[in-house]
Structure formats: C-alpha cells, structure tokens
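Overview (structure and organization)
For reference, the chains in residue letters:
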Amino acid sequence: MKKWIPPVSGLLTGLLAATVFFADFSPSTPAVTAEDSKNKSNAEKVYVPFGEKDEYYLMASGGHSGQMFIYGVPSMRHIRTVPVFTPDPATGYGYDKHSKEMLGGFTWGDLHHPALSETNGDYDGKYLFATDVGNSRAAVLNLETFTTKDIINVPNTSGPHCAAFVTENTEYMFLPTRFAVPIGHEYASLDDYSEQYRGVMSAVTFDQEKEKMDIAYQVALPPWSYDLSDAGKKSSADWAVMTTYNTEEATTNLEINASQADRDFIVLFNWRELEKKIADGQYDEVTGQKMIFPEKHKGGIYLVPVAKSPHGVDVTPDGKHFIASGKLAPAMTVFSFEKAIEAIENQDFAGERNGIPIIKYESVMEREVNPENALGPLHTQFDEEGMAYTTMFISSEILKWNPATGETLDRVPVQYSPGHSVAAEGDTVAPDGKYIIALNKIAKDSYLSVGPSHPESMQLIDLSGDKMEVIQSAPVNPEPHYAQMIKADKVKTISVYDKDETNKDAVYKQEDAKIVRKGNEVHVYGIAMRSKFIFDAKAERPDVIEVNKGDKVYIHLTNIDFDQDITHGFAINGYDLNIEVQPGQVNTVEFTADKAGTFPLYCTNFCSALHQEMTGYFLVKP
Ligand code: CUK
Ligand code: CUA
C-alpha cells in the first residue's frame, strides 16, 4: 500500500529520497518495523484467497464510458464490465437486436449514479438502476444475469444527473434534470430563459414482472440546475430532497454567474401528495406527459434555503435528517425532516419562488458544521451508528463526524480529490459500517504511468479500527461518480438461462435447426454448441448460411450448452457484427446483406479445445 505523500517541494522530495537512500543501507539485519506489520495486516485484510469470494459487490459507475463496473470488496478486483448505455463488443451488447433497439442508436452515455432496488429501505439485491447524463436516459439491470433489461428516454429532461435514488420500496425513482430546457426541447431564445425554460423532474416507476420502466408523471420545476437527490427513509419515507444551483437563472458563464446568490435551495417534496395530485387530475397534459406545474397545481413541493451552490444531499439512515454539502461554502448543514414538516403545517414561510413556498431557514436547519481546514464537502455516507463520512474534494480527505453534535471524529487523507464515497450498504436504513470507499477524481502517482492522463482511483478504507485506514486502492477508468456496495449473499445470480419453450426463436434440438426464406427475408434458427454452429440441420454443410445480396437476414441463435460459463460468440468477418449467447440463451442479430462475397463466420468466445474450429461461412450471392 502506497503511503500518502502530500505534494512537497523539490527540496523536500530530495530530503525524503536521501532518507530512504540511507535507510536502505543501514547495516543492521532488517528489523520488522511497526510500518511493516501494519502493511502486512492491511494486506491480510484485503487478501481473498483463491477459491474464496469477496464479501461485497461494488457496482461502480463507469462515467462517460456509459457502463457499470463490478468489483469485489475487499480485494478490489475488477470482475466484470456490464454495458448499459454504450455498445460493447465484448458482450455483443448493442449488436444484437434487443440491445441495439434499447440503445436507440446512441453510441455513448454518461452514467453517474447507480441505485439498487430496495424493499423496506434495504437493498434487496434484485435490480440496479442508473441514469445517463449524456443522452438523458434511464436504465435498469437485472442482477440475476447482470444485464441491462430496459432503457427509457426521459422526455423534457436534459441530463438526469440528480438521480437515481429509489424510494423505500422502489415505488419510484425520481429523475430531476441538470440542464433546464424548454418543455418539449423546442427552440426558445435564452433571453426568455426564466419564462420559457424549465427544470423538469420525472417520476419513474418500474414493473418487476415485465422488467419495464415507465414515466408516471413529471413536474415542471423552475429553470434551475438540479444536482443530487435522495429519498427519505422510515418516518420521512414519503419525502424526497434534491439540491439546486443556478437559482440565479444565469444563461452564460455559470462558473461566475451561478454563484452570485448567497443561498440556493433544497427542493423538498412529498411524493405521496404528488401521486394524489395526479390521481385527482391536478396536472396538465404536455408532450404526452402528465405534468404538474407547481405555480398552478399547488402543494407538496417546498424550498429550503441552503448555503450557495450545494452539491450532495443525503438522508441519514434513521430518516430524521438530511445533510447538504456545499461546493463553495465549506460547510455541511444538517436539516430536520420533523422541523420541516412542522414548518409546513404552520405555514412558516418566507416568500416563494415560482409559486413554491420557501420554508424559513432557521425553522428547518439544525446545525451548520464547519470543521477546520476541511474544504470542498461534496457527499456524505453513513455507518451502522449513524456517523457521517463526508468527502472533502479540495482538502482530499474523508471526514468522519457526528451529525447529532457536529463533532469531528476522524479524518483520513485520500489520493486525491474524492467526489463521492460509498459505504457498505450505505444508502439503506441499516448501513454495515466496516468499509467505505473513496471515489477519487485524481490518481496521480498511484499506479504505473500510462502517459499524461491517469485513471481515477477507488480507495478502500477500513472502518473497523479506532482510526479510518486506507487499505487498498484500485484504478477505475472512467469514472467512479458513485457506486453501490451490497452484501454479496443478497445477490442471487443464475448460472444458465432456463429453457423457454414459448420463445419462437429458440431451437433446443440439433435436428430442428433450419433456415426459412420468405421473399427477401432469411430467418436462420441456429444452434451454437461446443464446438460448432448448426444453422440448417438438413443441409450438406449445416454451418453455412447462403443468402442473396440485399436480403434482410435474421439470425436467431440458441446456445444449447446448459453449462455454466460456456458462452459462445457469433461474428461475421467483415460485417461489423458480433453477438454472444450465454449458456441457454437465445439471441437475435438482424442486418441487411449489403455486401456480396464470401465471409467467414466464427465463435468469438474461447469455449472449448476445438473453439478454433467453431467456424462456418456466410456466402452472399451478387
Ligand atoms: S457527481 Cu458529485 S462528484 Cu454525483 Cu455526478 Cu461526480
Ligand atoms: Cu464457441 Cu468458441
């Protein structure tokens, strides 16, 4: 484990080097130093012997790769990249019919905040949600197979950065927008920003049976930027909070213009009330969506003033408080849900913005916490005792503190500039304590250099001792905006896909493989198995597909190796396509044979001793 070395001057570096130099040449037999035994015990803490499994899954955002990265904790081994918003030839994602349709032609995404599905406020290990800031989408992954099941485009929203966080029983996922735009993305001059632009929030539901997401309704909030949100818990379960910035409604040079006012707001809303509004018809139908306009359909939404340009807002595990952190104000502010609800009942307001009442700051704020020299607080996580861990972006550390007293309990430096951190079972009503991982934006000097740009880093911190201790570090590229850490035994993966006799594309018996022609459509009902393809069982050459130029080709492929980890690939050389069929899976690739000629086809996934023989030909007659 690399020791934290603060940036030092050249002279100091020289002195340090000299110390190391002389230390290396000390004449005595090497003694075991306290440092050595600490490193040894740290190594043991993260060592997961071969054959044993990690205790937690870490599901980390892949940032503008658009993917999810799966790691094991405490080993910090990267196990899998799961494609979500971006095509991935390694798994054929975005090439087969279903995933290609889901991606809708987009070739990248910007995945920021993953959220696990919850039951009674606890991770249930079933689904993982994620949002795409780059192309305004939301996705859901099934954790039986770690595959993306559904993607929706979020209308009227540009960059649902302020998400995804689910309510206690995954009733909703709220997606507020980062960039305000006119409703319907129509053209409107920036001179008319305050009148024409809106920051739309979407309430998204998820049907577990059908594995489909849907937009239940939207709220046309003021044209501000919505940054982060969190759902209430336990007594505050019907509420949710989100931070705002640019309440100045600046339309240029936001770096300066969006930081003018001393205060921005936290939007506090009661989603049960909004749900009721929708049921009572208190909404307008706009662009095919049920849209609540707060200035017209009043109630359920409130503003809480907060130190300017806040970033994170996090609800404590007991659901009693929410904590906002300011990028520009070096403070964490603890607010009380109970006080907020009381203030709302007493109409303890100080004016309104866009028809939304502003609750008096003094009525809701419980304490402001400004630890000395702790700069750039961004996001907060919690342990089993409700202690808070806030990432300090500027002073590059994690600060442990007590939300009930404001007292600083411990600080640990990280390399460098942590954005979020993620605690074990961190977003649940009962975090585990034990581990927290700093998701660092800068990793210089941490790993072997690969040139001017480095990966980001994730540093594992042990919380079991008196002091927080960094015990492991792993590169991640890009970019760990946020992650979820869940007890491994909560996730129940399957080892093969079940036979689905109702699937008309499936072929489970070798003799049933066939090629069906309908005009210029060719449907191949084929089989992949160790170590051959069978496209037409009755043909002289069963592993050959012959079509005419211009034919529309559908290749339905079933992997009949019902055997864990025997995955086959299917690629046609020169046709720019590659799909995979996992054990028992049925998959379809659809394309037009627009190039005449002779094209070898082959299995891309090394599946057996005779994998190299798993080939055939795709012949296209001119
Ligand atoms: S954000 Cu705060 S550091 Cu959650 Cu997209 Cu990256
Ligand atoms: Cu099938 Cu390689």
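Here the residue index of a chain counts from 1 through its sequence in written order. All chains are assigned letters beginning at A, and all ligands numbers beginning at 1, according to the order in which they are written. Local features in this predicted model are restricted to residues of pLDDT 70 or higher, and side-chain atom pairs are both shown and tallied only at a pLDDT of 80 or more, whereas totals for entire chains, interfaces and linings draw on every residue. Note that water and hydrogens are dropped before the side-chain values are worked out from all heavy atoms of the structure.

By the naming in an unreviewed UniProt entry, the chain is Nitrous oxide reductase, taken from Mesobacillus campisalis. UniProt positions are given in the numbering used here, feature names are shortened, and annotations may be inferred rather than shown by experiment. Recorded in UniProt under Subcellular location (unreviewed entry), the annotation for the chain is "Periplasm".

Bringing the packing of aromatic side chains into the picture now. Pairing of aromatic side chains here covers Phe, Tyr and the six-membered ring of Trp, requires ring centres within 6.5 Å, and sorts the geometry by plane angle: under 30 degrees stacked, over 60 edge-to-face, intermediate tilted. Summed over the entire model, instances satisfying the criterion amount to 25 aromatic pairs. Ring pairing ties together the aromatic residues Tyr-172, Phe-174, Tyr-217, Phe-269 and Trp-271, which thus form one cluster. Positioned above the aromatic ring of Tyr-361, the side-chain terminus of Arg-263 is 4.1 Å from the ring centre. Above the ring of Tyr-575, the side-chain terminus of Lys-595 is found at 4.9 Å from the ring centroid. Any Lys NZ or Arg CZ that is within 6 Å of a ring centre and within 35 degrees of that ring's normal is treated as a charge sitting over the ring.

This next bit is on the sheet that holds strand β25 (residues 388-392). A pair of strands is treated as paired once DSSP finds two or more bridges between them. Secondary structure is summarised from DSSP: a helix means a run of H or I of at least four residues, a strand means a run of E of at least two, and numbering begins at the N terminus for each. A sheet is described by the order of its strands in space; here four strands give the open sequence β24-β25-β26-β27, paired in antiparallel fashion. Edge positions in the open sheet fall to β24 (377-382) and β27 (408-413), since each of these has one partner strand only. In this sheet, neighbouring strand axes are inclined to one another by 20 degrees on average, regardless of whether the strands run parallel or antiparallel. Direction of pairing for strand β26 (residues 397-401) relative to β27: antiparallel, over a ladder of five bridges. Along β27, the bridge assignment pairs Leu-399 with Arg-411. Angles here are taken between N-to-C directions and fall from 0 to 180 degrees, while the axes themselves are lines fitted to C-alpha atoms, restricted in helices to the stretch in contact.

Moving on: a nonpolar patch on the surface. On the surface, a cluster of nonpolar side chains totalling about 260 Å² of accessible area is made up of Leu-375, Phe-393 and Ile-394. Looking at the element boundaries, Ile-394 is found in the loop between β25 and β26. Buried means the residue's accessible area, taken with a 1.4 Å probe over protein chains only, is under 20% of the maximum for its type, while exposed means over 50%, and partly exposed covers the values in between. The class for Ile-394 is exposed, based on a relative accessible area of 54%. Here, patches come from residues exposed beyond 30% relative accessible area and free of salt bridges, joined within 9 Å for like charges and within 5 Å for nonpolar side chains (Val, Leu, Ile, Met, Phe, Trp, Tyr). Residue burial considers only the protein chains on display, and all accessible areas are found by Shrake-Rupley using a 1.4 Å probe. Only one rule defines a salt bridge in this text: a Lys or Arg side-chain nitrogen within 4 Å of an Asp or Glu carboxyl oxygen.

Further remarks concern the UniProt feature "domain: Cytochrome oxidase subunit II copper A binding" (unreviewed entry) in the chain. This chain's UniProt record puts "domain: Cytochrome oxidase subunit II copper A binding" (unreviewed entry) on residues 519-622. The straight-line gap between the two end C-alpha atoms of residues 519-622 is 16 Å; of that span, 0% is helix and 53% is strand.

Accessible area lost when the parts come together is the quantity often used to give the size of an interface. One can read the domain layout of the chain as domain 1 (56-490) and domain 2 (510-621). All the domain ranges listed were derived from an automatic or database domain assignment. With centres defined by C-alpha atoms, the gap from domain 1 to domain 2 works out at 43 Å. Summed over the three residues of domain 1 that lose the most area to domain 2, namely Tyr-95, Asp-96 and Lys-97, the buried surface amounts to 57% of that side. Residues Glu-590 and Lys-97 are paired through a salt bridge, measuring 3.8 Å at the closest nitrogen-oxygen approach. In the analysis that follows, any N or O atom pair within 3.5 Å is treated as a polar contact, provided that within protein one partner can donate a hydrogen and the other can accept it, and provided that, for residues neighboring in sequence, both atoms belong to side chains. In this structure, the connection of domain 1 to domain 2 is made through two residue pairs in polar contact (both at pLDDT 80 or more). Asp, Glu, Lys and Arg are counted as charged, while Ala, Val, Leu, Ile, Met, Phe, Trp, Tyr, Cys and Pro are counted as nonpolar; the rest, among them Gly, fall into the polar class. Across the side of domain 1 that touches domain 2, the residue classes tally to three nonpolar, two polar and three charged. Buried area adds together the accessible area that both of two parts lose upon being put together, with accessible area traced by a 1.4 Å probe.

In this text, near means that some heavy atom of the residue lies within 4 Å of the molecule or strand in question. Taken together, His-112, His-113, His-161, Leu-228, His-311, His-379, Gly-419, His-420, Lys-441 and His-481 make up all the residues around ligand 1. Tallied by class, the residues present in the shell around ligand 1 amount to one nonpolar, eight polar and one charged.

All right, on to a negative patch on the surface then. In summary, the charge assignment counts Lys and Arg as positive and Asp and Glu as negative, without counting His or the chain termini. Taken as the charge location is NZ of Lys, CZ of Arg, CG of Asp or CD of Glu. Taken together, the side chains of Glu-144, Asp-498, Asp-500 and Glu-501 make up a negatively charged region of the molecular surface. With respect to the element layout, Asp-500 can be found in the loop between β32 (483-487) and β33 (514-518).

Another point: unusual backbone geometry. A negative phi angle characterises most non-glycine residues, just as the trans form characterises most peptide bonds. Geometrically, the link from Ala-163 to Ala-164 is a cis peptide bond, its omega value of 0 degrees lying close to zero. If you trace the backbone, Ala-164 turns up in the loop between β7 (147-153) and β8 (173-176). Cis peptide bonds are those with omega within 30 degrees of zero, and the linkage from Arg-530 to Ser-531 qualifies with -5 degrees. Mapped onto the secondary structure, Ser-531 falls in the loop between β34 (521-529) and β35 (532-534). Despite not being glycine, Phe-146 has its phi angle at roughly 55 degrees, a positive value.

This part takes up the nonpolar core. Side chains that are nonpolar tend, in soluble globular proteins, to be buried together. The set of buried Ala, Val, Leu, Ile, Met, Phe, Trp, Tyr and Cys residues whose side-chain atoms join them within 4.5 Å is what this entry labels a nonpolar core. Counting residues in each nonpolar core, the largest one holds 27 residues, and the members touching the most others are Phe-570, Ile-572 and Phe-618. Mapped by element, the contributors of at least two residues to this core are β34, β36 (544-548), β37 (552-559), β38 (568-572), β39 (577-581), β40 (586-592), β41 (597-602) and β42 (615-621). Here, residues are in contact when the closest pair of their heavy atoms is within 4.5 Å. With residues near it in sequence (within four places) discarded, Phe-570 still touches Phe-533, Phe-535, Ile-555, Leu-557, Leu-577, Asn-578, Ile-579, Val-589, Leu-601, Tyr-602 and Thr-604.

Before going further, it helps to spend a moment on helix α7 (residues 337-345). Three or four residues apart is the spacing at which side chains of an α-helix point the same way, because the helix has 3.6 residues per turn. Taken as a whole, α7 has its buried residues at Phe-337, Ala-340, Ala-343 and Ile-344. The buried residues of α7 occupy an angular sector of 125 degrees when the element is viewed end-on, so they sit on one face. In α7, the exposed residues that point more than 90 degrees away from the buried face are Glu-338 and Glu-345. Gln-347 sits one or two positions beyond α7 and adopts a positive phi of about 50 degrees. The directions considered for the arc run from the helix axis to the C-beta atoms.

All right, on to the pairing of strand β3 (residues 78-83) then. The two faces of a sheet get side chains in turn, since along a regular strand they alternate between them. In this structure, strand β2 (residues 67-73) lies alongside β3, joined through five bridges in antiparallel fashion. Its bridge partner being in β3, Gln-67 is matched across the sheet by Pro-83. The hairpin turn running from β2 into β3, its antiparallel successor, is four residues long, and Met-76 in that turn takes a positive phi close to 65 degrees.

It is possible for side chains bearing opposite charge to pair when their charged atoms get close. Enumeration over the complete set of coordinates arrives at 27 salt bridges. The partner of Lys-434 in a salt bridge is Glu-55, and the shortest N-O contact between them spans 2.7 Å. Highlighted residues: Lys-434 in strand β29 (residues 433-440) and Glu-55 in the loop between α2 (34-46) and β1 (56-61), separated in sequence by 379 residues. For Lys-434, a relative accessible area of 36% gives the class partly exposed. Its salt-bridge partner being Lys-97, residue Glu-101 comes within 3.2 Å of it at the nearest N-O pair. With a gap of four residues between them, Glu-101 and Lys-97 both fall in helix α3 (residues 97-103), about one helical turn apart. With relative accessibility at 29%, the residue Lys-97 sits in the partly exposed group. Residues participating in the shared-partner salt-bridge network are Lys-97, Glu-101, Lys-552 and Glu-590.

Position of Lys-595 among the secondary structure elements: in the loop between β40 and β41. Taking the C-alpha atoms as reference points, Lys-595 and Leu-619, separated by 24 residues in sequence, lie 9.8 Å from one another. Sequence-distant contacts of Lys-595, that is, excluding residues within four places in its chain, are made with Gly-574, Tyr-575 and Val-620.

Here we come to the sheet that holds strand β28 (residues 418-424). Pairing within the open sheet is antiparallel, and its four strands lie in the order β28-β29-β30-β31. Strands at the two margins of the open sheet, each flanked by one partner only, are β28 and β31 (469-476). Across the sheet, the axes of successive neighbouring strands diverge by a mean angle of 20 degrees, strand direction being ignored.

Turning next to the side chain of His-161. Counting through the fold element by element, His-161 comes out in the loop between β7 and β8. Among the polar contacts made by the side chain of His-161, one reaches the side chain of His-112 at a distance of 3.2 Å. When sequence neighbours within four positions are dropped, the list of residues in contact with His-161 reads His-112, His-113, Val-133, Pro-176, Arg-178, Asp-227, Leu-228 and His-311.

When you line up the elements, Arg-77 lands in the loop between β2 and β3. Among the residues examined, Arg-77 registers a relative accessible area of 39% and is labelled partly exposed. Considered as a pair, Arg-77 and Val-544 are 467 residues apart in the sequence and their alpha carbons are 41 Å apart. When residues no more than four places from it in sequence are discounted, the contact partners of Arg-77 are Val-48, Glu-52, Asp-54, Ile-70, Tyr-71 and Gly-72. Only 3.1 Å separates the side chain of Arg-77 from the side chain of Ser-75, close enough to count as a polar contact.

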